[in-house]
Amino acid sequence: MTEKNMVQTIHDTLYDEMKRDERVLVLGEDVGARGGVFRATMGFLDEFGKGRVLDTPLDECLIAGVSIGMAIDGLRPVAEMQFADFIFPAFNQIVQEAARIRYRSNGDFSVPMVIRAPYGGGVHGALYHSQSIEAFFAHVPGLKVVAPVTPHDVKGMLLQAIEDPDPVIFLEHKKTYRSIKGEVPDERYTIEFGKAEIRRQGSDVTCVSYGLMMHYCMEAAERLTSEGIEVEVIDLRSIYPLDMDTVLASVGKTGKAMIVYEDNKFLGLGAEVAAQIAEHALFELDGPIVRIGGPHVPAMPYAPTLEHWFLPDADRIEQEMRKLAEF
Amino acid sequence: MPKKKDQHTELGLKEEDLVEMYRFMLLGRFCDERQWGFNRQGKAPFVVPVSGHEGAQVGSGWAFERGKDVFCPYYRDMALVLVAGFTARDVFLGLFGKKDDPSSGGRQMPAHWGSAKRNIITGSSPIATQVLHAAGIAYSKKLKGEDAVVGTWFGEGGTSEGDWHGAMNFAGIHQLPLVFICENNQYAISVHESMQVAGRVYKRAEGYGMPGVEADGNDILETFRVTKEAVDRARSGGGPSLIELRTYRYYSHTSDDDDRTYRTREEVEEWRAKDPIPRFEEYLKSVEVLDDGGIAKMREDTQEEVAQGAKEAQEADLPDPAEAMRNVYADLEVTP
């Protein structure tokens, strides 16, 4: 076991896997000499050379498109979108090509590629360095979308993503890169996608979350113990496949459900989770399903007051938890 | 008539090659005519014609090594995928959306070619996406030290897409074993080349650090010559090339288009007079590879092959909806 922060864990995991498996290569903007703008590939160029540590032209569509070709030809590309906000020029290649190639060829071709995307707000990134992009991609059958937020999960799920026979969007919350630390086993291990983790047991409210918000939910839940309110916090970890079994079992126990995410609330993951709770567990509920999500503005604004206004925090989550527990 | 000086020997083509190349042009043309017949009979809702492009496709395709090289075609490339290993039956299985359609098992529209065992990479409908896949595959071949060459085909309309420019740029930077082949038929559906392309397609090569040439796409030997040169250069580490083949399509863009709204009949007739098939027949006769009787026999045999393939495909099974949830993921069961 070694204590690491998130970005160190990503770096070390990728490094070890490239040592172990010569099919793996990284590509993206500034991943070479600069080692990535977040230092996720620092030192890779010296160790693995230009062929496997590929500084691409500034063309996200290209990054996705050539990764597809590499994956078809038997390599295991791990592409970095410098910021998730810049992924949209690649939307066609990811959605129409990567996601659909297995289906449209009836299994004749597959695209085992990973797209790492630093996402999320709270980093003074404003409209174009703060976005949450999961809903766009989780909507598309053929893609897997994961968002681990502990160093332990990052290692196991990144290795799973590289091994995975299908394209994976690997979301890394930027605010957690250096703020979240944890123990990481030194040996190689993978974590199966589609298994949520119950971070905290509780009997009063089920709180479903992922990403940075999961940490805020934990903070809010801890505060409420002094009031005798016990919140069960579920970290989804994987957005698709989505572990509704764990969520429904918890709702069956607590009778109260809330979903917390920083993406726009409207048609975000909370809508799907709420719909499935309503479909499968309506009569277990003792209160309304609560969603906390980003407001319906185009993206997170810059000024500290505006950024704070946009992003849910532990105070707001705590209030909503209390209200729901008392309902 | 004295035997004309032959052009093919110095290109490394044997008489058997010429006969096979001719047969593939006929196969493309006759499959096309037959699929239009099915369309008019209401038995095939959607047809993408190839007629007019056979010289460009067979001539360029013949320069690649089947079983080793990789084909990234676009939707009009029926004659090319025949060269790459499709049969007439395969074409019609796709036309009718049958279970054994090698491209997609009846999931995609006709003419969305793909087959792993034939090294034909699956394609979609958005234009020029395959060109970036070709660049990624070529990068992979080079990284692995394999001596395979990748070919990618597209129309002049495709050269407007960002994907195309990205792939040209990437191939030029890394000097990839990749040949870009533009089948310039002068129309992207209805939009004329003059409204599509600033300057000339082949001249764009220079800006991306590779050689560019144009050639008469209706001259199968000339098409073969320029492509072979590019393929050989790519295989020996000399990097990518761009080839612009000037040609024409005789029918509308697809069966859902009506070209009378944007092309005069006179223009179509003018280009039909440059048909690559009779032109090659003249050559075959002039070098005494086939005589009139041989040509008639080839035509008859190929028509028979097309009729047989079409018949078998018509009788084949349609896909079972119970299978429609398969192959979304390798390892996840999905439910409707």
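Residues numbered from 1 in each chain as written. Chains lettered and ligands numbered in written order. Predicted model: local features only at pLDDT ≥ 70, side-chain atom pairs only at ≥ 80, totals over all residues.

**Overview of the interface of chain A and chain B**
Each side of the interface is counted separately: chain A has 35 residues, and chain B has 34 residues. Looking at the side of chain A that touches chain B, the elements that each hand over two or more residues are helix 3 (60-72), helix 4 (91-98) and helix 5 (101-104) of chain A. Here the element with the most residues in the side of chain A that touches chain B is helix 3 of chain A; it accounts for nine residues. Residues that form the side of chain A that touches chain B fall into these classes: 14 nonpolar, 13 polar and eight charged. (Contact = placed C-beta atoms within 7 Å. Helix = DSSP H or I, 4+ residues; strand = E, 2+ residues; numbered from the N terminus. Nonpolar A, V, L, I, M, F, W, Y, C, P; charged D, E, K, R; others polar.)

**Focus on the environment of H152 of chain A**
Residue and element names in this part refer to chain A. Structurally, the position occupied by H152 is in helix 7 (residues 151-163). A tally of 18 C-beta atoms within 10 Å means that H152 is categorised as partly exposed. In the structure, H152 is positioned 37 residues away from Y189 in sequence and 9.7 Å away in space, judged by C-alpha atoms. Those residues in contact with H152 that lie beyond four places of it in its chain are G182, E183 and V184. (Buried ≥ 20, exposed ≤ 12 C-beta atoms within 10 Å, placed from the backbone.)

**A look at the sheet that holds strand 12 (residues 238-240) of chain A**
Residues and elements named next belong to chain A. Taken in spatial order, the seven strands of this open sheet run 3-2-4-5-7-6-12, and their pairing is mixed. Whereas interior strands pair on both sides, the edge strands pair on one side only; in this sheet they are strand 3 (53-55) and strand 12. Neighbour to neighbour, the strand axes of the sheet diverge by 20 degrees on average, direction disregarded. Against the sheet, helix 1 (residues 6-20) touches strand 2 (24-28), strand 4 (76-80) and strand 7 (168-173), its axis set at about 130 degrees to strand 2. (Pairing = 2+ DSSP bridges. Axes fitted to C-alpha atoms, helices over the stretch in contact; angles between N-to-C directions.)

**Focus on the sheet that holds strand 14 (residues 290-294) of chain A**
Pairing between sheet strands relies on hydrogen bonds along the backbone, with the strands arranged either parallel or antiparallel. Residue and element names in this part refer to chain A. Judged by pairing direction, the sheet is mixed, and its five strands sit side by side in the order 9-11-10-13-14 without closing on themselves. Looking at strand neighbours, the two that pair on one side only are strand 9 (197-200) and strand 14, the edges of this open sheet. Each strand axis lies, on average, 25 degrees off the axis of its neighbour in the sheet, ignoring direction. Pairing between strand 9 and strand 11 (residues 231-235): three bridges, direction antiparallel. Residue pairing in the sheet places R200 in a bridge with V233 of strand 11. Relative to the sheet, helix 10 (residues 244-254) contacts strand 9, strand 10 (205-209), strand 11 and strand 13 (257-264), its axis offset from that of strand 10 by approximately 155 degrees.

**Considerations on helix 4 (residues 88-95) of chain B**
All names here are of chain B. Most of helix 4 is tucked away: eight of the eight residues are buried. Listed as buried for helix 4 are A88, R89, D90, V91, F92, L93, G94 and L95. At the exit of helix 4 stands G97, carrying a positive phi of roughly 65 degrees.

**Some thoughts on the packing of helix 1 of chain A against helix 7 of chain A**
All names here are of chain A. Packing of helix 1 against helix 7 brings their axes to within 9 Å, and their N-to-C directions diverge by 35 degrees. Taken as a pair, helix 1 and helix 7 cross one another with a handedness that is right-handed. For the pair helix 1 and helix 7, contact is made by M6, T9, I10, T13 and E17 and by P151, V154, K155, L158, L159 and I162, respectively. (Left-handed = near helix turned anticlockwise from the far one by under 90°.)

**Looking at the packing of helix 2 (residues 54-61) of chain B against helix 9 (residues 220-235) of chain B**
Two quantities define a packed helix pair, namely the angle between the axes and the distance from one axis to the other. All names here are of chain B. Contact geometry of helix 2 with helix 9 gives a least axis separation of 7 Å together with a crossing angle of 40 degrees. Here helix 2 is positioned oblique relative to helix 9, judged by the angle of their axes. In the crossing of helix 2 with helix 9, the sense of the turn from one axis to the other is right-handed. Contacts between helix 2 and helix 9 involve G55, A56, V58, G59 and S60 from the first element and I220, L221, T223, F224 and T227 from the second. Partitioned by chemical class, the residues of the contact of helix 2 with helix 9 number five nonpolar, five polar and no charged. (Parallel < 35°, antiparallel > 145°, perpendicular 65-115°, else oblique.)

**Points about the confidence of the model for chain B**
Chain-level statistics for chain B give a pLDDT mean of 97 and a share of 99% at 70 or above. Model confidence for the complex: the whole-complex pTM is 0.98, and ipTM, which rates the interface, is 0.97. (pLDDT = per-residue confidence, 0-100.)

**Let's talk about the pairing of strand 3 (residues 178-184) of chain B**
Residues and elements named next belong to chain B. Most of strand 3 sits out of view: seven of its seven residues are buried. Both faces of strand 3 are covered, namely the face carrying L178, F180, C182 and N184 and the face carrying V179, I181 and E183. Summarising the sheet, strand 2 (residues 150-155) and strand 3 pair through six bridges and their orientation is parallel. Paired with W153 across the bridge in strand 3 is I181.

**Some details on the environment of D204 of chain A**
Residues and elements named next belong to chain A. Position of D204 relative to the elements: it lies in the loop between strand 9 and strand 10. Judged by C-beta crowding, with 21 C-beta atoms within 10 Å, D204 ranks as buried. In sequence terms D204 and K253 are 49 residues apart; their C-alpha atoms lie 8.2 Å from each other. With sequence-adjacent residues up to four places away left out, D204 is seen in contact with I229, E230, V231, T254, K256 and A325.

**Re helix 11 (residues 269-281) of chain A**
Taking 1.5 Å per residue as the helical rise, helix 11 of chain A with its 13 residues ought to reach 18 Å, and the 18 Å between its terminal C-alpha atoms agrees with that figure. Next to the buried residues of helix 11 of chain A lie helix 6 (134-138), strand 10, strand 12, helix 10, strand 13 and strand 14 of chain A. (Expected span 1.5 Å × (residues − 1).)

**Focus: the nonpolar core**
In this structure, C207 of chain A together with A135 of chain B are the most contacted members of the largest nonpolar core, which totals 185 residues. In this view, C207 of chain A contacts C217, A221, V231, E232, V233, I234, M258, V260 and M321 of chain A; residues no more than four positions away in its chain are not counted. (Core = buried A, V, L, I, M, F, W, Y, C linked by C-beta atoms within 7 Å.)

**Some words on unusual backbone geometry**
Going from Y240 of chain A to P241 of chain A, the amide bond is cis rather than trans, its omega being 0 degrees. Counting through the fold element by element, P241 of chain A comes out in the loop between strand 12 and helix 10. The backbone phi angle of D30 of chain A is positive, close to 70 degrees, even though this residue is not glycine. Tracing the chain through its elements places D30 of chain A in the loop between strand 2 and helix 2 (44-48). Taking the C-beta count within 10 Å as the criterion, D30 of chain A has 16 such neighbours and is therefore assigned partly exposed. Here the phi dihedral of A111 of chain B falls at roughly 75 degrees; this positive angle occurs in a residue that is not glycine. Of note, A111 of chain B is situated in the loop between helix 4 and helix 5 (129-144).

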